[in-house]
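Chain by chain, the residues run as shown.
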Amino acid sequence: MSESGSRCIIVGASHAGVSAAFNLRQAGWEGDILVLEQSDSWPHQKPPLSKAFLLGKTTIEKLGFKTEQAYKDNAIDVRLDSDVERIDRENNCVWVGGNAIGYDKLILATGARPIIPPIAGIERANNLFTMRNLQDAEQLKSLVDSYANQQINVVIIGAGYIGLEAAASLITLGAMVTVLERESRVLSRVTSPVMSDYVEHYHKNKGVQVCNNKQVTAIDQVENKQVVRCSDNAEFAADIILVGVGVRPNQFLAEDSGLACDNGIVINPLCQTEDDNVLAIGDCARFFHPVYNQSIRLESVQNAADMAKVAANTIVGNTKNYQKIPWFWSDQYEMKIQIVGMSSNECEVIVRAELDRQNCLSIWYFLGDELRCVEAINNPKAYMLGMKAIQTQSKVNRSTLEDPNVPLNIGMLAS
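Residues numbered from 1 in each chain as written. Predicted model: local features only at pLDDT ≥ 70, side-chain atom pairs only at ≥ 80, totals over all residues. Heavy atoms only, no water.

Caption draft 1: Structural context of the sheet that holds strand β14 (residues 225-230). An order of β13-β14-β15 is seen for the three strands of this open sheet, with the pairing classed as antiparallel. Of all the strands in the sheet, the pair left with one neighbour each is β13 (216-222) and β15 (235-237). Strand-to-strand twist across the sheet, computed as the mean angle between neighbouring axes with direction ignored, equals 25°. Where β14 lies against β15, three bridges are found, and the strand directions are antiparallel. Following the sheet pairing, Arg229 is matched in β15 by Glu235. (Pairing = 2+ DSSP bridges. Helix = DSSP H or I, 4+ residues; strand = E, 2+ residues; numbered from the N terminus. Axes fitted to C-alpha atoms, helices over the stretch in contact; angles between N-to-C directions.)

Caption draft 2: Representation of the side chain of Glu354 in the model. Tracing the sequence through the fold places Glu354 in the loop between β24 (348-353) and β25 (361-367). Judged by relative accessible area, which is 11%, Glu354 ranks as buried. In terms of polar contacts, Glu354 uses its side chain to reach the side chain of Arg352, at 2.7 Å. Apart from the residues lying within four places of it in its own chain, the contact partners of Glu354 are Cys360, Ser362, Asn379 and Leu408. (Buried < 20%, exposed > 50% of the residue type's maximum accessible area, 1.4 Å probe, protein only. Polar contact = N/O pair within 3.5 Å; in protein donor to acceptor, adjacent residues only side chain to side chain. Contact = heavy atoms within 4.5 Å.)

Caption draft 3: Expanded view of the pairing of β14. Bridge count between β13 and β14: six bridges; the pairing is antiparallel. Residue pairing across strands places Asp220 opposite Val227, the latter belonging to β14. The turn linking β13 back onto β14 is made up of two residues, and Glu223 within it adopts a positive phi angle of 50°. Here β14 folds back onto β15 in antiparallel fashion, the turn holding four residues, of which Asn233 has a positive phi close to 75°.

Caption draft 4: Representation of the packing of aromatic side chains in the model. Inspection of every chain in the model, using the stated rule, returns six aromatic pairs. On the basis of an interplanar angle of 35° and a centroid distance of 6.2 Å, the ring pair of Tyr198 and Tyr202 is categorised as tilted. Of this pair, Tyr198 and Tyr202 are both found in helix α5 (residues 193-205), four residues apart, which corresponds to roughly one turn of the helix. Of the residues examined, Tyr202 reaches a relative accessible area of 13% and is grouped as buried. A network of ring pairs unites the aromatic residues Phe22, Trp42 and Tyr71 as a single cluster. The cationic tip of Arg398 hangs over the ring face of Phe366; the distance from NZ or CZ to the ring centre is 4.4 Å. (Phe/Tyr/Trp six-rings, centres within 6.5 Å; stacked < 30°, edge-to-face > 60°. Lys NZ or Arg CZ within 6 Å of the ring centre and 35° of its normal.)

Caption draft 5: Representation of the layout of surface pockets within the structure. Volume-wise, the second largest pocket comes out at about 290 Å³. Lining the second largest pocket we find Asp306, Lys309, Val310, Asn313, Lys320, Asn321, Tyr322, Gln323, Lys324, Ile325 and Gln391. A per-element tally of the lining of the second largest pocket places helix α7 (residues 301-315) first, with four residues. Along the lines of polarity and charge, the residues of the lining of the second largest pocket split into three nonpolar, four polar and four charged. (1 Å grid on protein atoms, 1.4 Å probe; cavity = no way out; pocket = protein on both sides within 12 Å on 5 of 7 lines; lining within 4 Å. Points joined across faces, edges and corners; volume = space filled by probe spheres on them. Nonpolar A, V, L, I, M, F, W, Y, C, P; charged D, E, K, R; others polar.)

Right under this line is the structure:
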């Protein structure tokens with residue numbers, strides 16, 4: 001125990017958890033910092049797994065958040081293979097391996113787990129992956145590499161960002177890739193039909209077979225081959241199956257300890273749960289966003305890092321509400337997709353293509369006169385302009401925006 005006699009335990013060596021640990025030190029926390037991680041993998045970044053790592057553009061060593069020396073220099077104790085069994089809030093301790101470890105402050109950065117859909121035979125499927133951890137990525141990369149100079153059929157169930165990023169990487173590596181989406185378009189939960197169509201056509205032009213309105217019902221073994229079957233009797237051969245149909249927040253520990261949960265651990269603007277000594281951050285946390293006037297749960301690196309900073313400052317008494325504007329990104333082939341804000345079905349949409357650049361698009365979402373979201377493809381200027389407009393609540397000159405002959409510029413904004 002440190003000289004101060006205090007300890008902060010962080011459950012989960014996720015981006016949120018590791019960021020919280022280092023932010024705590026920077027904020028002046030002098031007590032112990034103990035990070036408990038369920039897996040045996042050293043803390044690492046997850047976004048590159050479906051992109052740069054799969055393509056061989058980065059290594060396991062480069063995926064780490066920090067060097068081991070950085071943890072030592074900041075007196076941050078990371079314990080792998082440490083599965084927290086329960087939280088005892090009455091006695092301010094967590095139980096690990098049958099032993100109680102006391103805390104003064106507890107941060108839950110437990111992340112989310114992939115949804116495994118109720119598909120007949122999925123439990124017996126060969127070479128099935130979810131791409132949520134390093135082990136999945138390593139095994140998938142090794143398997144694809146083993147098929148060098150041979151045809152390999154990959155079926156991806158789900159056309160969200162993870163599925164499409166993996167599709168881009170795998171077809172670049174020479175695999176035959178089929179994406180099966182239950183809804184009528186790709187990215188249906190997170191973007192507009194305009195963006196969906198653009199991204200889908202881009203993938204098709206690269207050789208990906210994108211099949212919408214496909215409800216996968218079974219995975220069968222037929223004459224030493226694996227077949228994915230759909231409700232419309234369509235069949236697809238699959239040497240590898242990747243499931244990317246979404247995630248569920250890991251809220252069991254919080255729920256079992258009596259804390260409020262609602263598709264995420266409910267927190268206040270300071271990242272505190274109902275128990276001031278227990279905080280939650282990252283993918284597992286649900287909070288009310290004042291700008292969008294709704295309760296949300298975000299799955300993004302940005303959200304994890306920003307919440308980590310707020311939680312650390314809350315613990316040391318430097319309180320500042322969390323109200324960052326959400327932003328996201330996705331890399332697929334040469335497409336750099338950047339999104340700021342959140343759209344809704346009620347929004348009016350303006351689509352803008354830059355005349356002087358190919359494959360450069362931006363989609364602007366307005367609720368009345370208020371800009372709510374901007375989606376940009378290979379257009380960082382539109383992304384940054386949208387970010388500034390939403391952050392400062394500036395009005396956007398829509399007539400100028402709609403004229404592609406007028407370059408994007410700061411003069412389009414008015415306070």
